Amino acid sequence: MEPGVHSINSLFRQLGLPDGDKDIESFIQSHQPLPDRVCLQDAAFWSPAQADFLREAISDDADWAEVVDELDARLHTPASRPLPGKPWLTESCRAYLPEMCGY
């Protein structure tokens, strides 16, 4: 068992999934938003072993619990949508533009 606090990357590695930042973002975007009525560990896209690991991490309040909670929150949050009519903006500009222009 790894000591200390785990990262989202190490959680994905533990689940047997690609653990690069872009891989994680792609996974989250392709599976969000998870309906409120569906618990993270009960989502249809997990294998039985992955679901068991998540269930144990939550129920045992294991050292994985914090990062599992982070994944849960991210999957239950609707994906941010690009600003209409602004496909040429970079992601960082899109994030800044609403504040700057009152979008």
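Residues numbered from 1 in each chain as written. Predicted model: local features only at pLDDT ≥ 70, side-chain atom pairs only at ≥ 80, totals over all residues. Heavy atoms only, no water.

J.: Describe in detail the overall build of the protein chain, supporting the description with residues and values.
T.: On a plain count of helices and strands, the protein chain comes out with five helices and zero strands. Mapped in sequence order, the helices and strands of the protein chain form the string α-α-α-α-α. Relative to all contacts within the protein chain whose residues are 6 or more apart in sequence, the contacts with residues 24 or more apart total 55%. If you sum the accessible surface of the protein chain, you get close to 6,900 Å²; carbon and sulfur atoms cover 54% of it. (Helix = DSSP H or I, 4+ residues; strand = E, 2+ residues; numbered from the N terminus. Contact = heavy atoms within 4.5 Å. Areas by Shrake-Rupley, 256 points an atom, 1.4 Å probe, with all protein chains shown as cover.)

J.: Any chance you could break down the nonpolar core for me, citing the residues and the numbers?
T.: Nonpolar side chains in soluble globular proteins tend to end up buried together. Counting 22 residues, the largest nonpolar core has L11, L40, W46, L54 and L71 as the members making the most contacts within it. Elements with a contribution of two residues or more to this core: helix 1 (8-14), helix 2 (21-31), helix 3 (48-59) and helix 4 (65-76). Those residues in contact with L11, other than ones at most four positions away along the chain, are F53, L54, W64, V67, V68 and L71. (Core = buried A, V, L, I, M, F, W, Y, C linked by side-chain atoms within 4.5 Å. Buried < 20%, exposed > 50% of the residue type's maximum accessible area, 1.4 Å probe, protein only.)

J.: I'd like to hear about helix 2, residue by residue, with values.
T.: By the burial criterion, the buried members of helix 2 are I24, F27 and I28. Along the long axis of helix 2, the arc covered by the buried residues comes to 95 degrees, so they all point the same way. Facing away from the buried side of helix 2 by over 90 degrees, the exposed positions are K22, Q29 and S30. In this fold, the buried residues of helix 2 make contact with helix 1 and helix 4. (Arc of directions from axis to C-beta.)

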